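Chains, contacts and geometry: an overview
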Amino acid sequence: MKPFTYERAKTPAEAAAAVARTPGAKFIAGGTNLLDLMKLEIETPTHLVDIQDLKLDRIEPTSGGGLRIGAFATNTATASDPRVRRDYGVLTRAIVAGASGQLRNKATTAGNLLQRTRCPYFYDPNMPCNKRKPGSGCSALGGYSRQLGIVGTSDACIATYPGDMAQAMRVLDASVETVDPQGQTRSIPIGDFHRLWGDTPHIETNLRRGELITGVTLPRPLGGQHFYQKVRDRASYAYALVSVAAVIQPDGSGRFAVGGIAPKPWRVAAADAAMPQGAKAAAAALLAGARPTEDNRFKVPLVERTLAAVMAEAKAA
Amino acid sequence: MDQAGETEISRRGLLVGSAATAALTTISVADAQPGPAQPAPASMKVTMSVNGKRHSLEIDTRTTLLDALREHLELTGSKKGCDHGQCGACTVMVGGTRINSCLSLAVMHEGDEITTIEGLGTPDKLHPMQAAFVKHDGYQCGYCTPGQICSAVAVLGEIKAGVPSHAMADVTARPQATNDEMRERMSGNICRCGAYSNILEAMTEVAGASA
């Protein structure tokens, strides 16, 4: 691990200012992904600003009838919250489908949104990777790509966003709230939070330098049935090959986002609209323009089948 | 000076030379994006309570909680398996909550209360979970066992507290200490010897006794 200095900020604006004024500084929350990458010297922050004292761990109702989940709320706290379990079941289901109990006890809302890809070539400093070292090339194209993206990828990078929580937040139309070093706040719709890789796969979100996530707001509950169906190589503690987060209404209408296939939680308006026509039509609309590799072509039918399984479960209930 | 001596390359010199070249090659490939210069190694003071005893340490900021426990406090019960949060051998409890101590910085634990395997019981007075692991043969080589036991104790606490899991059909329900529940919740602790079924028997016994 490269040396770094460390401080515990007192307020969100102070934390944002501390990162903005120190070249190479980063925020640290749970640290479960950042420290992993620091040990491999893939992340090499010069200074860490710890956000644990900022009182960002609260989960509270909003005036609009929704729920605000603090940036520092742990995954376990969010999944366990009775309001989340009752009104936003897709979120609890997505969170408990990810990682292990130990990791969920430490991982936070903000950190999970910023979790970096698990592409094996990103993790291997001896291999070219445009995300780790811009311009060095993509080892995954033509390499081992079974777990990687099939849609929204680019010629520079085919990595996926690996998390589960964000797929549910995308279905719920959550907003990411931030504060910048000047103390200005803004709200970013979660669909605009993560970027497609394009020519700059090392830039993963639309956050600005020093901008700190303070929380995620969920709009009013949608009702309906909530699902998070995750297909993976092991029954527990593995990343998704394909995951479907869905909210389905009694009339068959609904919305869904898919994980494990793209740089961000993948949701398409035309695919939501096609849900009443069945899984085949909805999956086809979702994957329009998909460019799978030979290794991960199986994900195309797997998306349709996973969605079909969710729809069948909705119908049976 | 002897001309031949100057150009003669000893075996040791050649090896050192090759190693240096190999190291340089690795560095140039491994080099992350050129960024701001790293600061000099920094150390900080941190005070934490471990197994009920207060400790003040002056440590490098890079020290993980696991290394602080093992290398500085000589509590070597918690193990370093993978050092990347994948195996669970380093599991300890912070404020009663289980975490991977390898993925947490010691300096982030100012004022925290840490419980390690050494704090659960003693050889003369085992914690019920330790006793149940012995009774049911919940280990073979024993390397993952401290992490398994810390995790197992915390898992029963999480079930009691109503923390949901992937094994639940209805996430609004209260979880029960069933076989499926415990298997799912223990998936962050890997046992290379495959003592899983015996670990489960030990947990079932303790869960039954405390229910």
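Everything below is about the structure printed above this text.
Here we summarise the structure given alongside this text. (Residues numbered from 1 in each chain as written. Chains lettered and ligands numbered in written order. Predicted model: local features only at pLDDT ≥ 70, side-chain atom pairs only at ≥ 80, totals over all residues. Heavy atoms only, no water.)

Regarding the overall build of chain B
- A count of helical and extended segments in chain B gives 8 helices and 5 strands.
- Counting only residues that meet the buried cut, chain B has 45% of its 211 residues in that class.
- Summed over its atoms, the accessible surface of chain B is roughly 10900 Å², and 54% of this surface lies on carbon and sulfur atoms. (Helix = DSSP H or I, 4+ residues; strand = E, 2+ residues; numbered from the N terminus. Buried < 20%, exposed > 50% of the residue type's maximum accessible area, 1.4 Å probe, protein only. Areas by Shrake-Rupley, 256 points an atom, 1.4 Å probe, with all protein chains shown as cover.)

Observations regarding the packing of aromatic side chains
Residues and elements named next belong to chain A.
- Going through the model one piece at a time under the given rule, you end up with 1 aromatic pair over all chains.
- For the ring pair Phe122 and Tyr123, a centre distance of 6.0 Å and an interplane angle of 75° mean the geometry is edge-to-face.
- Of the residues examined, Phe122 reaches a relative accessible area of 1% and is grouped as buried.
- The residue whose ring lies beneath Lys131 is Trp197, and the NZ or CZ to ring-centre distance is 3.2 Å. (Phe/Tyr/Trp six-rings, centres within 6.5 Å; stacked < 30°, edge-to-face > 60°. Lys NZ or Arg CZ within 6 Å of the ring centre and 35° of its normal.)

Some details on the interface of chain B and chain A
- Facing the 54 residues of chain B at the interface are 51 residues of chain A.
- Together chain B and chain A conceal approximately 4200 Å² of surface at their shared face, both sides included; 56% is due to carbon and sulfur atoms.
- On the surface where chain B and chain A come into contact, there are 1 salt bridge.
- Across the pair B:Asp83 and A:Lys39 runs a salt bridge whose closest N-O atoms are separated by 2.8 Å.
- Put simply, chain B and chain A have 22 residue pairs in polar contact (both at pLDDT 80 or more) between them.
- A class-by-class count of the residues in the side of chain B that touches chain A yields 23 nonpolar, 23 polar and 8 charged. (Contact = heavy atoms within 4.5 Å. Buried area = accessible area lost by both parts, 1.4 Å probe. Salt bridge = Lys/Arg side-chain N within 4 Å of Asp/Glu carboxyl O. Polar contact = N/O pair within 3.5 Å; in protein donor to acceptor, adjacent residues only side chain to side chain. Nonpolar A, V, L, I, M, F, W, Y, C, P; charged D, E, K, R; others polar.)

Thoughts on the pairing of strand S7 (residues 185–189) of chain A
Residue and element names in this part refer to chain A.
- By the bridge criterion, 5 bridges tie strand S6 (residues 175–179) to S7 in an arrangement that is antiparallel. Paired with Val176 across the strands is Ile188, a residue of S7.
- As consecutive antiparallel partners, S6 and S7 are separated by 5 residues, and within that stretch Gly183 has a phi angle of approximately 90°, a positive value. (Pairing = 2+ DSSP bridges.)

Looking at the pairing of strand S2 (residues 53–60) of chain B
Residue and element names in this part refer to chain B.
- Here strand S1 (residues 43–50) runs beside S2; their pairing, made up of 8 bridges, is antiparallel. Counterpart to Met44 in the pairing with S2 is Ile59.
- The antiparallel hairpin formed by S1 and S2 contains 2 residues in its connecting segment, where Asn51 sits at a positive phi of about 50°.

Some details on the sheet that holds S6(A)
All names here are of chain A.
- Within the open sheet, the 5 strands sit side by side as S4-S5-S8-S6-S7. Their pairing is antiparallel. Strand pairing shows two members of the sheet lacking a second neighbour, strand S4 (59–61) and S7, which therefore form its edges. Between one strand axis and the next, the sheet turns through 25° on average, direction left out of account.
- Pairing between strand S5 (residues 67–70) and strand S8 (residues 212–218): 4 bridges, direction antiparallel. Residue pairing in the sheet places Leu67 in a bridge with Leu218 of S8.
- In the packing of helix H1 (residues 12–21) onto the sheet, contacts are made with S6 and S8, and the angle to S8 comes to roughly 130°. (Axes fitted to C-alpha atoms, helices over the stretch in contact; angles between N-to-C directions.)

Some words on the layout of surface pockets
- In this structure, the second largest pocket spans a volume of roughly 560 Å³.
- Every residue lining the second largest pocket is counted, 27 residues in all, and those nearest its centre are A:Thr74, A:Asn105, A:Lys106, B:Val94 and B:Thr97.
- Those elements giving two or more residues to the lining of the second largest pocket turn out to be helix H3 (75–80) and helix H6 (101–106) of chain A together with strand S4 (97–100) and helix H6 (145–161) of chain B.
- A total of 4 residues in the lining of the second largest pocket trace back to one element, the largest contributor, which is H6(B).
- Partitioning the lining of the second largest pocket into residue classes produces 10 nonpolar, 12 polar and 5 charged. (1 Å grid on protein atoms, 1.4 Å probe; cavity = no way out; pocket = protein on both sides within 12 Å on 5 of 7 lines; lining within 4 Å. Points joined across faces, edges and corners; volume = space filled by probe spheres on them.)

What about H1(A)?
Residues and elements named next belong to chain A.
- Within H1, burial applies to Ala15, Ala16, Ala18 and Val19. End-on view of H1: buried residues confined to an arc of 160°, all on one side of the axis.
- Tucked inside the fold, the buried residues of H1 contact strand S1 (5–8), strand S2 (25–28), strand S3 (47–50), S6 and S8. (Arc of directions from axis to C-beta.)

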